[in-house]
Structures are given as C-alpha cells and as structure tokens.
Amino acid sequence: MQHRGFLLLTLLALLALTSAVAKKKDKVKKGGPGSECAEWAWGPCTPSSKDCGVGFREGTCGAQTQRIRCRVPCNWKKEFGADCKYKFENWGACDGGTGTKVRQGTLKKARYNAQCQETIRVTKPCTPKTKAKAKGKGKD
C-alpha cells in the first residue's frame, strides 16, 4: 500500500514538473526568441542584399535587443512594406488622361506592430489592347 502511494506521489510530481516546463516554453515563444520579455517592439524586415529576399528584423524590449531572420517577397509593393497586409478592390477603369488604373486597399493585418495606413491607393499603367489591334490587322 505504501509503495502505491509513493508511486502515485512520484507520478504527480513528474506531471507537475512537465507542466511547469511546458508553460515556461510557451512564455518564451510569446515574447520573442530566447526571452521572457512580453512587450517587444519590432522594426521592419531589412533584406541582407538588394531590396528583397532573406534579411533580419531587430526587436527591442527594455534593455534587450533581439535579431531574427525574416523575408521580404521580391514582388512586394515597397511603398507600404511587407508587414502591412491589405485586401484590395478590383482595378478601376483606365483614366485616359493619366494612362493609369487605380484601386484601393483596406488594412487586413499589421505584422510585428508595423505602423500601417488604414487605407491605401495604388496605381498601375493601363495595358494597351495589343491583341485587339493584332486581330484587326490580320483581317485587312
């Protein structure tokens, strides 16, 4: 009977120890890599070479500084950064005066406490309808 009690007590102690270690690991993951700090302020992802690709992001929390790897997609719009995610409307009609199309985006998600605009407007050149012209030339 005493052996069962001792075994049960040992099992409970092992379970409590395992739970405490798991909670500590979760706390470290929430704050930042290798730290128990809770209020990290992260800077933008800065590519190691050129203007896109793998790079680093620096974060500070009190007197602590961390540097983590990050990636800036090479097709990303540089005006509003890779940490600001937007949901865009469809492209508008081509403005003949400027030769551009416009669409608006609404902020969907700001990663790493990035300072993002709530709405943005982006433009792109109108595409000439070369296919229609090519078909017309073939019929003459």
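Residues numbered from 1 in each chain as written. Predicted model: local features only at pLDDT ≥ 70, side-chain atom pairs only at ≥ 80, totals over all residues. Heavy atoms only, no water.

Peer 1: When you look at the overall build of the protein in this model, what are you seeing that I'm missing?
Peer 2: Counting its regular elements, the protein contains two helices and seven strands. Ordered by position from N to C terminus, the α and β elements of the protein give α-β-β-β-β-β-β-β-α. For the protein, the proportion of its 140 residues judged to be buried stands at 20%. Sequence separation of 24 or more characterises 33% of the internal contacts of the protein that already satisfy a separation of 6 or more. Only carbon and sulfur atoms are counted for the fraction: they give 56% of the accessible area of the protein, which is about 11,400 Å². (Helix = DSSP H or I, 4+ residues; strand = E, 2+ residues; numbered from the N terminus. Buried < 20%, exposed > 50% of the residue type's maximum accessible area, 1.4 Å probe, protein only. Contact = heavy atoms within 4.5 Å. Areas by Shrake-Rupley, 256 points an atom, 1.4 Å probe, with all protein chains shown as cover.)

Peer 1: Sorry if this is basic, but what is going on with the confidence of the model for the protein here?
Peer 2: Predicted coordinates in areas of low pLDDT are best not read in detail. Chain-level pLDDT for the protein is 75 on average; 65% of the residues reach the 70-or-more range. The secondary structure element of the protein with the lowest average pLDDT is helix 2 (residues 130-139), at 49, and the one with the highest is strand 6 (residues 100-110), at 92. A low-confidence stretch, residues 24-32 (pLDDT under 50), is modelled with ten contacts involving residues beyond four sequence positions or located in other chains. (pLDDT = per-residue confidence, 0-100.)

Peer 1: Explain the packing of aromatic side chains here, please?
Peer 2: Describing an aromatic ring pair means giving the distance of the ring centres and the angle of the ring planes. The tally for this structure, following the rule as stated, stands at three aromatic pairs. Ring geometry for tryptophan 42 against tyrosine 112: centres 5.9 Å apart, planes inclined by 75°, an arrangement best described as edge-to-face. Taken together, the residues span a long stretch of sequence, with tryptophan 42 in strand 1 (residues 41-42) and tyrosine 112 in the loop between strand 6 and strand 7 (119-125) at a distance of 70 residues. Exposure remark for tryptophan 42: the relative accessible area of 14% places this residue in the buried category. Judged by its relative accessible area of 31%, tyrosine 112 falls in the partly exposed class. Measuring from centroid to centroid gives 6.2 Å for tyrosine 86 and phenylalanine 88, while their planes differ by 50°, and the two rings are tilted. Within the aromatic cluster, the residues linked to one another by ring pairs are Trp40, Trp42 and Tyr112. Above the ring of tyrosine 112, the side-chain terminus of arginine 57 is found at 3.9 Å from the ring centroid. (Phe/Tyr/Trp six-rings, centres within 6.5 Å; stacked < 30°, edge-to-face > 60°. Lys NZ or Arg CZ within 6 Å of the ring centre and 35° of its normal.)

Peer 1: Looking at this structure, how should I read the environment of phenylalanine 56?
Peer 2: Tracing the backbone shows phenylalanine 56 in strand 3 (residues 53-61). When its relative accessible area of 30% is taken as the criterion, phenylalanine 56 is described as partly exposed. With twelve residues separating them in the primary sequence, phenylalanine 56 and proline 44 have C-alpha atoms 8.4 Å apart. Those residues in contact with phenylalanine 56 that sit more than four places away from it in its chain are Pro44, Cys45, Thr46, Ser48, Arg67, Ile68, Arg69 and Cys70.

Peer 1: Just to check I follow, could you spell out the state of the cysteines for this structure?
Peer 2: A covalent bond bridging the sulfur atoms of two cysteines is what the word disulfide describes. Taken as a whole and assessed by the stated rule, the structure comprises three disulfides. In this model, cysteine 45 is linked to cysteine 70 through a disulfide, with the two sulfur atoms separated by 1.9 Å. What sets the handedness of the cysteine 45 and cysteine 70 disulfide is the S-S torsion sign, and at about 95° it is right-handed. With a gap of 25 residues between them, cysteine 45 in the loop between strand 1 and strand 2 (46-47) and cysteine 70 in strand 4 (residues 64-72) connect regions that are remote in the sequence. (Disulfide = S-S within 2.5 Å.)

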